[in-house]
Amino acid sequence: MDLESRLIATIRAAAGERVAYVCYSGGIDSTVLLAASVRAGIETIALLGVSASLAAAERDDAHRIANEIGARVEEVETNEMELEGYRANAGDRCYFCKSALYDTVQALAATRGSDEVIFVGTHVDDLGEHRPGLQAAMERGVVAPLVDAGFNKVDVRELARLWNLSNAEKPAAPCLASRVPVGIEVTPEKLAQIEAVEEFLRLHDVWPARARWHESVVRLEIPAAMFERVVTDPFRGELRRACRKAGFNFVALDLGGLQSGSVSLPLVAS
């Protein structure tokens, strides 16, 4: 069975006659899942969790992509910032974030009296990683059709290309809170600082990029091929001014380039 048929069959078996609520972010994984659910002919609602950790640009992009595939999108306020465990950012932040999302989705379905299934875009490559959010999903009976269909990241992108999804090559875009070092409290003010710097970089085609928060210092991670541009005037001066406007006194360029999870790395090399 080809990828398309396998995923659609898996979704139909999981949903049955129920309404499928797809936890949707605009990223490639949840987009493929959403598109597959729509193609499966199931009543599908994409739920976009909105909070201070979602950049405005990502929010707009998510709506645009869902519109391309003809999916219905509803925004839900997840309010994870109200949870002490989320703000504490002790390494299990994603558990509290996903718990807030899934609880919100289940509460929404209950108010509508609908028999629902909640889908999430986890795939098999995610299973070997430290992802506290997976525990939250298991506790609430959330279904991962990509896992059940045996999809890895390569499969997801292959199907996205087959369906000509406009975000087929989109790099990962973790939430803004992932830029705050583990053990440092997450606040709306910090997230706003991070978003302001990243939006400047995005608008000037220095992307993908990460603006890592380190108190008065913002540590920029960008592709190595863009180093020369950002350290050359006049852009260097413009970038520095944008970072200072966002509330940072110092701007550092990380020579390691883009690095997943670098805020959790030790400050002293072993």
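About the thresholds
- Residues numbered from 1 in each chain as written.
- Predicted model: local features only at pLDDT ≥ 70, side-chain atom pairs only at ≥ 80, totals over all residues.
- Heavy atoms only, no water.
- Axes fitted to C-alpha atoms, helices over the stretch in contact; angles between N-to-C directions.
- Helix = DSSP H or I, 4+ residues; strand = E, 2+ residues; numbered from the N terminus.
- Parallel < 35°, antiparallel > 145°, perpendicular 65-115°, else oblique.
- Left-handed = near helix turned anticlockwise from the far one by under 90°.
- Contact = heavy atoms within 4.5 Å.
- Nonpolar A, V, L, I, M, F, W, Y, C, P; charged D, E, K, R; others polar.
- pLDDT = per-residue confidence, 0-100.
- Phe/Tyr/Trp six-rings, centres within 6.5 Å; stacked < 30°, edge-to-face > 60°.
- Buried < 20%, exposed > 50% of the residue type's maximum accessible area, 1.4 Å probe, protein only.
- Lys NZ or Arg CZ within 6 Å of the ring centre and 35° of its normal.
- Polar contact = N/O pair within 3.5 Å; in protein donor to acceptor, adjacent residues only side chain to side chain.
- Pairing = 2+ DSSP bridges.
- Right-handed = clockwise from strand over helix to strand, strands pointing away.

Before going further, it helps to spend a moment on the packing of helix α2 (residues 28-39) against helix α8 (residues 153-162). As a packed pair, α2 and α8 sit with axes 10 Å apart at the nearest point and diverge in direction by 55°. By the angle between their axes, α2 is oblique relative to α8. Our pair here, α2 against α8, has a crossing hand that is left-handed. Listed contacts from α8 to I28, D29 and V32 of α2 are K153, V156, R157, L159 and A160. In terms of residue class, the contact of α2 with α8 is made up of 5 nonpolar, no polar and 3 charged.

Turning our attention to the confidence of the model for the protein chain. When pLDDT is averaged across the protein chain, the result is 94; 96% of the residues are at 70 or more. Low confidence marks residues 266-270, where pLDDT is under 50. Its contacts with residues over four positions away, or in another chain, come to 0 contacts.

Attention now goes to the environment of I8. Relative to the assigned elements, I8 resides in helix α1 (residues 3-15). Residues I8 and P145, spaced 137 residues apart in sequence, show a C-alpha to C-alpha distance of 9.0 Å.

The subject of this paragraph is the packing of aromatic side chains. Following the criterion strictly, the structure yields 2 aromatic pairs and no others. Between Y95 and F96, the ring centres sit 5.4 Å apart and the planes meet at 90°, which makes this aromatic pair edge-to-face. By relative accessible area, which is 22% here, Y95 ends up partly exposed. Relative to F235, the ring of F200 lies with its centre 5.8 Å away and its plane at 25°, an arrangement referred to as stacked. Of this pair, F200 sits in helix α9 (residues 188-203) while F235 sits in helix α11 (residues 235-245), and the two are 35 residues apart along the sequence. F235 shares its class with F200; the two are buried. One Lys or Arg, R202, reaches over the ring of W207 and ends 4.2 Å from the middle of that ring. Residue placement shows R229 over the ring face of F235; its charged tip is 4.5 Å from the ring centre.

A word on the environment of T78. As for its position among the elements, T78 is in the loop between β3 (72-77) and α4 (84-88). Owing to a relative accessible area of 9%, T78 belongs among the buried residues under this scheme. Separated by 173 residues in sequence, T78 and V251 place their C-alpha atoms 32 Å apart. Excluding anything up to four places from it in sequence, T78 contacts G49, V50, S51, A100, L101 and T104. Within the local environment of T78, its side chain forms a polar contact with the side chain of E80, the two groups lying 2.4 Å apart.

This next bit is on the pairing of strand β2 (residues 44-50). By the criterion of burial, β2 is predominantly enclosed, with 6 of the 7 residues buried. Note: strand β1 (residues 19-24) against β2, 5 bridges, orientation parallel. Among the inter-strand pairings, Y21 is bridged to a residue of β2, identified as I45. Taken together, β1, α2 and β2 constitute a β-α-β crossover, and its handedness is right-handed. Relative to β3, β2 is paired through 6 bridges, and the arrangement is parallel. Paired with G49 across the two strands is V76, which belongs to β3. For the segment spanning β2, helix α3 (residues 56-68) and β3, crossover handedness is right-handed.

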